[in-house]
Amino acid sequence: MTISRILIVFFLLGLSLKGQAQRISYTINSNWNFYKGTLQNIPQAGQEIQWEPVNIPHTWNDRDVMDDEPGYYRGEAWYRKKIYIPQQWKDKDVYVFFEGAAQVAEVFVNGKKVGSHTGSYTFFSFPITQYLKPGKDNVENELLVRLDNSHNEDIPPLSADFTFFGGLYRDVHLIAVNKVRFDMDNDASNGIFITTPNVSAERAAVNIRGSFVNNSASSKNITVEHVILDADGQTAYALKKEYKTAKGQQVSFSDDINDITKPHLWSTENPYLYRVVSTISDSQTQEILDEVSNPLGFRWYSFDAEKGFFLNGEPLKLIGASRHQDYKGKGNALSDALHIRDVELLKEMGGNFLRVAHYPQDPAVLQACDRLGILASVETSIVNRITETEAFAEHAKKMHLEMIRQNFNHPSLIIWAYMNEVLLRPRYEKGSVEQEAYFGKITKLAQELEDITRKEDPYRYTMIPNHGNFDLYNRVQLTKIPMLVGWNLYQGWYSDKFSGFANYLDRHRRELPDKPLLVTEYGGDADIRLHSFEPIRFDKTVEYTTRYHQAYLKAMMERPFVAAAMIWNLADFSSETRTESTPHINSKGILTLDRKPKDAYRFYQANLLKIPYLQIGTKEWNLRTGIAKSDTQLAHTQEVLVFSNQPTVTLKHNGKIIGNSSTAQGIARFHVDFVNGQNTLQALATTGDKEEITDQADIWFKMLPVNLHNKSLPFTEVNISLGDKRYFHDAANHQIWMPEKEYQPGSWGYIGGSIFRMENKARHSYGSDKDILGTDADPVYATQRTGIEQFKFDVPQGEYELTLHFAELLSDIQREELVYNLNGGGLTGDNFQERVFDVNINGHVFLKNLSNKEYLEPEKSVNFKTSVSVYDHQGITVDFVPKTGETILNGIQLRKIK
């Protein structure tokens with residue numbers, strides 16, 4: 001082995017050429033074995049078990065949460081790995097450290113249980129030295145982990161609008177430490193807690209507290225030193241103390257550095273980081289026994305109920321997003337790089353705040369916030385409701401304590417939060433004695449969590465994020481116990497009008513004048529495939545969601561007392577119980593599940609970024625369609641938005657300037673006459689420095705003739721979504737679907753019938769909110785025209801391929817209503833009745849007795865494709881002949897073959 005290779009190995013193991021390092025830590029993520037299922041006993045060597053090789057991070061729910069079968073596996077699973085302990089560790093204590101395991105974990109080494117942990121989202125570690133096999137170098141040991149993510153009424157979260165993935169989904173570390181070391185048994189923290197009690201531009205003070213242990217066989221004279229290094233690695237300040245320790249003694253310390261002058265301040269614009277390197281050394285030999293490094297940022301901040309938030313004495317409107325920790329195709333088993341990328345995307349949006357919701361996340365997240373200048377809150381996973389048991393309360397308090405201690409040393413972190421929307425699903429009958437007692441238990445637990453937080457960390461703020469039931473949260477004291485009040489508000493989404501949002505903010509200011517207000521959630525679903533030029537609430541179009549964010553940002557920016565605006569959510573995320581156009585996904589993200597930007601993301605960039613910015617909107621919608629203006633004007637006009645922070649934008653279409661537009665709230669609007677085929681859009685703006693910035697979008701437009709016999713624009717194909725007012729871009733199949741229209745001679749369209757609307761639904765103007773099985777084109781199958789009589793195409797003679805799409809949207813299935821659907825929860829069902837009808841094409845029977853007792857299985861997609869020959873001026877007429885109940889049609893496609 002060469003010297004260079006030796007150096008590499010030493011670096012990886014945390015060693016030095018002068019001797020063994022103080023603390024050795026590395027991940028053991030590779031080459032695990034996995035088994036999903038219940039085992040009656042600890043697996044033994046030679047036992048026939050079908051182990052599956054996996055690497056960590058890993059979840060067993062990355063696939064089943066997205067399939068058509070309701071529910072996902074919540075139960076027991078096992079992980080197994082061989083670990084090898086070098087002989088050099090014989091005088092050290094060895095720990096196994098888990099960054100996250102869902103949700104109840106039992107850990108075994110060589111068949112013996114070493115510990116257990118409850119909770120999916122906080123770290124935990126166990127000393128395993130006494131369970132290791134003695135002997136020669138690199139002796140083989142078996143590490144076994146039993147996990148269970150089953151629902152448990154005593155473990156939060158109980159229910160929520162996100163998926164409770166199971167698995168060993170974050171890094172696992174093996175750590176070796178000396179007998180004299182900083183405390184390793186303090187809720188998986190690193191044993192050091194740093195605060196900055198006093199900070200100004202002129203002076204700063206630092207307090208460093210913690211403890212260390214002497215587990216050696218003799219008393220020791222110990223030196224504890226704290227060195228503050230600046231960003232260049234130069235020593236800025238240092239403090240050293242001597243201690244005499246007996247064997248087995250644990251020593252606590254609290255050291256102050258009060259003479260720091262002209263500190264370089266940490267801010268969102270300049271996130272300057274110091275490091276505090278704390279060491280323990282033998283006072284006689286000077287040998288370093290342990291070393292821990294923590295970030296340090298000097299900043300001061302405050303919330304004011306009238307004026308909002310201040311950082312380092314300057315007003316700062318906090319604008320950012322909440323985040324869930326999952327990703328397309330991966331579940332919640334993400335690499336550090338993907339966690340970090342999310343924080344980078346928030347910074348690239350111009351955001352300055354991250355709500356880490358609804359649970360503590362990977363350590364890489366807050367590390368990135370520290371480095372990039374993103375302020376943050378983090379919260380415990382008590383969501384929707386509680387259980388009135390002592391076990392639930394104790395688990396909740398333990399998780400909260402772990403969260404605080406594990407995330408303490410992050411200068412970006414300014415808020416500890418708990419109990420998100422805890423009154424959303426109250427137990428018992430409204431107004432009953434039992435429910436009032438239940439509310440009392442919530443108040444009591446909230447106060448206990450508040451007291452824990454204030455004791456552990458008197459310098460940060462506390463917050464409860466509430467849903468929009470002002471009177472109830474006020475009555476249950478949840479607006480009074482924490483220092484800050486967060487509101488999760490969705491007026492204009494779950495309720496009718498945007499104006500209700502501003503009214504709600506003003507009510508808080510009137511009735512809670514001494515309580516700082518943060519908007520902790522707001523947003524609307526946007527399926528990146530759906531578009532409309534007349535968007536309405538709950539149509540899931542990109543365009544409606546952009547309007548929603550415009551209205552909300554305007555209201556918040558006009559009110560200085562609104563300290564923070566936290567978009568729900570940074571990215572789409574997994575919510576297995578959700579249905580609608582994107583089944584199993586909550587699509588309120590301003591990025592898709594695989595982090596592609598939606599127009600709402602571009603909107604915030606245009607309003608928040610300080611560097612010149614210009615982007616053409618909905619450029620992902622690069623396949624469009626529409627009907628020509630006339631037989632001679634072969635163009636179709638559609639609106640195009642350009643997002644920019646420049647005052648004026650110019651737009652070119654196929655090389656020709658079509659106009660200039662002033663931006664309003666970061667948006668310039670243009671009306672473009674698209675032509676058949678390729679359309680190239682180029683947006684231009686000139687910055688204050690006279691530099692030109694540009695963006696380009698290439699769009700293919702499939703023009704439809706007004707008259708289907710128009711020889712200058714021959715008909716080729718059309719895809720129509722019935723009962724729909726939206727365009728659906730199916731990029732996977734390179735198809736564009738357009739909304740229905742009524743038949744006009746010479747063209748195409750439906751005759752008769754009405755748009756399908758759900759009964760007793762508070763949200764949807766049309767269509768169903770169900771998951772239609774057997775298709776990815778849910779938007780097509782979830783809308784429908786009922787009672788349709790005919791669909792006509794006045795096409796010229798030729799051979800055509802005709803496809804009819806159906807889905808029975810009503811069923812007799814009883815299912816639990818999601819609380820988010822605003823229908824009160826509980827079991828719900830439809831007024832399901834038998835329907836039978838015939839479908840004839842040009843007078844010939846095509847589908848006889850089409851019935852929802854046969855082919856039309858409820859809530860499943862079905863389509864029928866056939867060829868049609870058209871002669872003379874016959875065209876194509878599809879007749880729907882009712883026999884029992886009403887006829888239906890969800891979608892229809894026509895393509896000319898020859």
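So, a few notes on the structure that sits alongside this text. What you see is a predicted model, and the numbers here were worked out from it, not measured in a lab.

### Side note on the nonpolar core
- Core analysis: the largest hydrophobic core is formed by 99 residues, its most contacted members being Met419, Leu423, Ile442, Leu478, Leu505, Tyr522 and Met556.
- Other than its neighbours up to four places away in sequence, tyrosine 522 contacts Leu489, Tyr490, Tyr548, His549, Tyr552, Met556, Ala565, Met566, Ile567, Trp568 and Tyr604.
- In this structure, Leu708, Ile720, Val795 and Leu804 belong to the second largest nonpolar core, which totals 38 residues.

### Some details on helix α3 (residues 363-372)
- Counting buried positions along α3 gives seven out of ten residues, so the element sits mostly inside the fold.
- Turning to α3, its buried residues are Pro363, Ala364, Val365, Leu366, Ala368, Cys369 and Asp370.
- Looking at the buried positions of α3, the neighbouring elements they touch are β18 (288-296), β22 (318-323), α2 (336-349), β23 (353-356), β24 (375-379) and β25 (413-417).
- Near the N-terminus of α3, the side chain that reaches the backbone nitrogen of alanine 364, with its oxygen 2.9 Å away, is that of aspartate 362.

### Some words on the packing of helix α7 (residues 499-511) against helix α8 (residues 542-557)
- Orientation of α7 relative to α8, taken along the N-to-C sense of each, is 25°, at an axis distance of 9 Å. For the element pair α7 / α8, the angle class is roughly parallel. For α7 against α8, the interelement crossing comes out right-handed. Side by side, α7 and α8 meet where Phe501, Ala502 and Leu505 of the first sit next to Tyr552, Ala555 and Met556 of the second.
- Looking at the contact of α7 with α8, its residues break down into six nonpolar, no polar and no charged.

### Observations concerning the packing of aromatic side chains
- Inspection of every chain in the model, using the stated rule, returns 50 aromatic pairs.
- Centre to centre, the rings of tyrosine 301 and tyrosine 461 are 6.2 Å apart; their planes meet at 45°, and the pair counts as tilted. With tyrosine 301 in strand β19 (residues 301-304) and tyrosine 461 in strand β26 (residues 461-467), this pair connects stretches of sequence that are 160 residues apart. The two residues tyrosine 301 and tyrosine 461 agree in class, both being buried.
- Residue placement shows lysine 36 over the ring face of tyrosine 73; its charged tip is 5.1 Å from the ring centre.
- Over the aromatic face of phenylalanine 408 sits the side chain of arginine 460, whose NZ or CZ is 5.4 Å from the ring centroid.

### Overview of unusual backbone geometry
- The omega angle of the peptide bond from alanine 102 to glutamine 103 is -15°, so this bond is cis rather than trans.
- Counting through the fold element by element, glutamine 103 comes out in the loop between β5 (93-98) and β6 (104-109).
- A cis geometry characterises the amide bond from alanine 357 onward to histidine 358, with omega recorded as -5°.
- Phi is positive for asparagine 654, which is not a glycine, with a value near 50°.
- Structurally, asparagine 654 is set in the loop between β36 (648-653) and β37 (656-662).
- On the basis of relative accessibility, which here comes to 37%, the residue asparagine 654 falls in the partly exposed class.
- One non-glycine residue, lysine 690, lies in the positive phi region at around 65°.
- Topologically, lysine 690 is positioned in the loop between β39 (677-686) and β40 (692-704).

Definitions and limits used
- One numbering rule holds for all chains: residues counted from 1, following each sequence as written.
- Per-residue local features are limited, in this predicted model, to residues with pLDDT of at least 70; the limit for side-chain atom pairs, both in listing and counting, is 80 or more; totals at the level of whole chains, interfaces and linings are taken over all residues.
- Note that the side-chain values use all heavy atoms of the structure and ignore hydrogens as well as water.
- Take the buried residues of types Ala, Val, Leu, Ile, Met, Phe, Trp, Tyr and Cys, join any two whose side-chain atoms come within 4.5 Å, and each joined set is a nonpolar core.
- Accessible area is worked out with a 1.4 Å probe on protein chains only. A residue is then buried under 20% of its type maximum, exposed over 50%, and partly exposed in between.
- Here, residues are in contact when the closest pair of their heavy atoms is within 4.5 Å.
- The way it works is that DSSP assigns letters per residue, a run of H or I at least four long becomes a helix, a run of E at least two long becomes a strand, and they are numbered from the N terminus.
- Residues adjacent in sequence count toward polar contacts only when both atoms are side-chain atoms; beyond that, a polar contact is any pair of N or O atoms within 3.5 Å, and within protein one must be able to donate a hydrogen and the other to accept it.
- To obtain an axis, a line is fitted to C-alpha atoms, over the contacting stretch when the element is a helix, and the angle between two such axes runs from 0 to 180 degrees between their N-to-C directions.
- When an angle is under 35 degrees it counts as roughly parallel; over 145 it counts as roughly antiparallel; between 65 and 115 it counts as roughly perpendicular; any other value is oblique.
- Crossing handedness is defined as follows: a turn of the near helix away from the far one that is anticlockwise and smaller than a right angle gives a left-handed crossing, while the clockwise case is right-handed.
- Polar here means any residue outside two lists: the nonpolar Ala, Val, Leu, Ile, Met, Phe, Trp, Tyr, Cys and Pro, and the charged Asp, Glu, Lys and Arg; Gly therefore counts as polar.
- When the centres of two rings from Phe, Tyr and Trp lie within 6.5 Å, Trp using its six-membered ring, the rings pair. Their planes under 30 degrees apart give stacked, over 60 give edge-to-face, and anything left gives tilted.
- Note on geometry: a ring has a charge over it if NZ (lysine) or CZ (arginine) is within 6 Å of the ring centre and within 35 degrees of the ring normal.

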